[in-house]
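Inside the fold
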Amino acid sequence: MSRYPYTRLFWQSDHSIVIAGPHIQVLDTNTGDVLHSTAKHEENQIASGPIRCAALSDCGKFLATSGDDKKLKTWRVEDLQLLSSRALPKKPTYINFADNNDILVADKFGDIFRYQLHPSSNESYSGNMRDALSSHENPSGGELILGHTSLLTTFLVTADGKYIVTADRDEHIRVSWYPQGYTIESYCLGHQKYVSAIHIPSFSPGTLISGGGDSVLKLWDWMSGKLLCDIDVFSAVQPFIAVKAPKKKWEWKDEDEDIKPTEGKGRRRQNKGKRAEKGSAGDGDAGERQDSPLPDGRHGEVSTGESEVVFVVHRVASISSPAPRIVFSVTGATAIFWFSMDDNSEACIRHEPFYKPIIDFTLEDDGSVWVLLDADRSSQGGWSSKGEGDDSNLVEVRRWTPDNFTASYHPPLALALNSCTLPATQADLKVLDLYSDLWALPKRLEASAEERTHDLSEMGVNDAATVDGGSNDGGVTKRELGRLKHKKALRHLQELGQGASLDFEPSPTDKKRAKSGGGDTLALGIDGM
């Protein structure tokens, strides 16, 4: 029988919390006994669909979750009691706790709202009032902290609680004051693709590590926005990427030509005139750009029936014992990767294979690694029934040695998680969509537009005249040319800061990558970040 894989594990010395589809389980860490489970709760307390985001408070007493139902639910861990359920304005992309157990929620419209752990009476009173700076109404009265003009992928609050670091799908990393998010301390600019994971190691609190769709991890001095170095990881990771994304291409359509529906979530509607009118009357430009699959009615996504490797860094973490190391995972890869944080040596990417796609991982205080596996995924991409032996384990645990991992060991908690699984149907597993980042994060639309307008002079198009309202015989819209001009200006600005010394001699391809100059960015006041 099919079963839910585990998508998140919060390890604690006394009890641990695990997420599986729409369910939450609390287990005794030392014995593996299941203490509480939402599988036994009433139906109205369970998320309508899988839990997409979850966070545990620093004290370990409260859990915040959200799923496709756009409800922010808070739970008391000791008895798994549902404390509150609040409607969110948009689908969340990331949840985390801040000081005083406040809950921060990032959404796909680029906003971060703050909610109190226990809803106050004012929230219901002011719930539908729209903040002058927010892009949409908040039905639960959340306080707007900051906003990007692109989908927020992740964020973190620094250890001292004074800054919040945010990353988005448009390659930007911003460092803002917390909770005064309108005050920007610096930008970390240099990524060429989406940023999906950021981390500040406890043993190096002035260093930010970021990764996403680029082939490198970037190390920053996040207070100044200075790029310290690039660490090439793609060449070490690529052989272990087992899950690939359906390859699609963007085709240009005439304005009067209807777009036929395509498979999955990328479906297209033929009545695009009414749709565009409705979008402009609702959420404005941000809504059109992020919700509408057909900006300007000019593109259509067509599946080619092939697959392609899409690189997405899923999580970056660190351990300080037995030696300072950075640990990271990649969506759809079958290994965990790490490298040492030595000051004077070139980073060497090492790996530990698990032979099944890794969903997530968690580090114990002593550095042990708990790895959550998509153990029932078949080589054809579907799901098989439970196997036998270690090949069927949904959870694997490794301990560190000074140089490498030891062989796997099986503490009581791991044995319980591998034996007391929750049943699921094939429809449940399909909705779970573990690898949605592989198709949701890459911006194929903008990449296609950029390729078509790489050399506008060869196409006979005057980009300045076009953006200012002139004719465009090259088939490129004003909005796309505006974005290209913005990116060109941004690259030029970044190149001005290339004089900063690096810890290594960049290769010819590295020299083409933009290097960040945080102070110049603030001085010029670049829009759209």
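Residues numbered from 1 in each chain as written. Predicted model: local features only at pLDDT ≥ 70, side-chain atom pairs only at ≥ 80, totals over all residues. Heavy atoms only, no water.

1. What about the packing of aromatic side chains?
With the rule as written, the count across this model stands at seven aromatic pairs. Taken together through their ring pairs, the aromatic side chains of Phe-240, Phe-328, Phe-337 and Phe-339 make up a single cluster. (Phe/Tyr/Trp six-rings, centres within 6.5 Å; stacked < 30°, edge-to-face > 60°.)

2. Quick notes on the sheet that holds strand S26 (residues 350–353)
The sheet built from four strands is open, its strands ordered S23-S24-S25-S26 with antiparallel pairing. Either end of the sheet is taken by a strand with one partner, and the two such strands are strand S23 (313–319) and S26. For this sheet, the mean angle separating the axes of adjacent strands, direction not counted, is 25°. Bridging between strand S25 (residues 335–340) and S26 involves four bridges; their strand directions are antiparallel. The partner of Trp-338 across the bridge, within S26, is Arg-350. (Pairing = 2+ DSSP bridges. Helix = DSSP H or I, 4+ residues; strand = E, 2+ residues; numbered from the N terminus. Axes fitted to C-alpha atoms, helices over the stretch in contact; angles between N-to-C directions.)

3. A few points about the sheet that holds strand S4 (residues 34–37)
Strand-to-strand pairing in sheets goes through backbone hydrogen bonds, with the strands running parallel or antiparallel. Taken in spatial order, the four strands line up as S1-S2-S3-S4 in an open sheet, and their pairing is antiparallel. The sheet is open, and its two edges are formed by strand S1 (8–10) and S4, each paired on a single side. Strand-to-strand twist in this sheet, taken as the mean axis angle between neighbours without regard to direction, amounts to 20°. Across six bridges, the pairing between strand S2 (residues 15–20) and strand S3 (residues 23–28) is antiparallel. Bridge assignment links Ile-17 to a residue of S3, and that residue is Val-26.

4. Regarding the nonpolar core
Among the nonpolar cores identified, the biggest contains 22 residues, and Phe-328, Phe-337 and Phe-339 are the most heavily contacted of them. Residue assignment for this core shows that the elements contributing at least two residues are strand S19 (216–221), strand S20 (226–232), S23, strand S24 (325–330) and S25. Each residue touching Phe-339, except ones within four places of it in the same chain, is listed here: Leu-217, Ile-231, Pro-324, Arg-325, Ile-326, Phe-328, Ala-347, Cys-348 and Ile-349. Tyr-6, Leu-27, Leu-372 and Val-395 belong to the second-largest nonpolar core, a separate cluster that totals 21 residues. (Core = buried A, V, L, I, M, F, W, Y, C linked by side-chain atoms within 4.5 Å. Buried < 20%, exposed > 50% of the residue type's maximum accessible area, 1.4 Å probe, protein only. Contact = heavy atoms within 4.5 Å.)

5. Observations concerning the pattern of salt bridges
Tallying each qualifying case throughout the model produces 13 salt bridges. With a shortest N-O distance of 3.3 Å, Arg-398 and Glu-396 are connected by a salt bridge. For the pair shown, Arg-398 and Glu-396 are each scored as buried. Bridged by salt links that share partners, the residues Arg-8, Arg-315 and Asp-360 form one connected network. (Salt bridge = Lys/Arg side-chain N within 4 Å of Asp/Glu carboxyl O.)

6. Things to note about the side chain of Ser-150
Assignment of secondary structure puts Ser-150 in the loop between strand S12 (143–147) and strand S13 (152–157). Ser-150 sits in the buried class, given a relative accessible area of 2%. A polar side-chain atom of Ser-150 sits 3.3 Å from a polar atom in the side chain of Asp-170. (Polar contact = N/O pair within 3.5 Å; in protein donor to acceptor, adjacent residues only side chain to side chain.)

7. Some words on the confidence of the model for the protein
Residues of the protein with pLDDT of at least 70 account for 67%, and the chain-wide mean is 78. Across residues 446–474, where pLDDT falls below 50, the model places 41 contacts with residues more than four positions away in sequence or in other chains. pLDDT under 50 marks residues 498–529. Its contacts with residues more than four places away, or in other chains, come to 61 contacts. (pLDDT = per-residue confidence, 0-100.)

8. Quick look at helix H5 (residues 412–419)
Along H5, the residues classified as buried are Leu-413, Ala-414, Ala-416, Leu-417 and Asn-418. Those residues of H5 hidden inside the fold are in contact with S2, S3, strand S28 (369–373) and strand S29 (395–398).

9. Notes on the environment of Phe-405
Structurally, Phe-405 can be placed in the loop between S29 and H5. Residue Phe-405 is classed as buried on the basis of its relative accessible area, which comes to 11%. Distance from Phe-405 to Glu-352, taken between C-alpha atoms, is 7.5 Å for residues 53 residues apart in sequence. Non-local contacts of Phe-405, meaning those with residues more than four positions away in its chain, are made with Trp-338, Glu-352, Val-369, Arg-398, Arg-399 and Trp-400.

10. Digging into the pairing of S23
Among the seven residues that make up S23, six are buried, leaving the element largely enclosed by the rest of the structure. Relative to S24, S23 runs antiparallel, the two sharing six bridges. If you follow Ile-319 over to S24, its bridge partner there is Arg-325. What sits between S23 and S24 in their antiparallel hairpin is a turn of five residues.

11. Quick word on unusual backbone geometry
Backbone geometry follows two general trends: most residues other than glycine have a negative phi, and most peptide bonds adopt the trans configuration. With an omega of 5°, the peptide bond between Tyr-178 and Pro-179 qualifies as cis. When you line up the elements, Pro-179 lands in the loop between strand S15 (173–177) and strand S16 (184–187). Non-glycine residue Asn-101 carries a positive phi angle of around 60°. Judged by relative accessible area, which is 21%, Asn-101 ranks as partly exposed. We note that Tyr-355 has phi near 70°; this positive angle belongs to a residue other than glycine. By the secondary structure assignment, Tyr-355 is in the loop between S26 and strand S27 (358–363).

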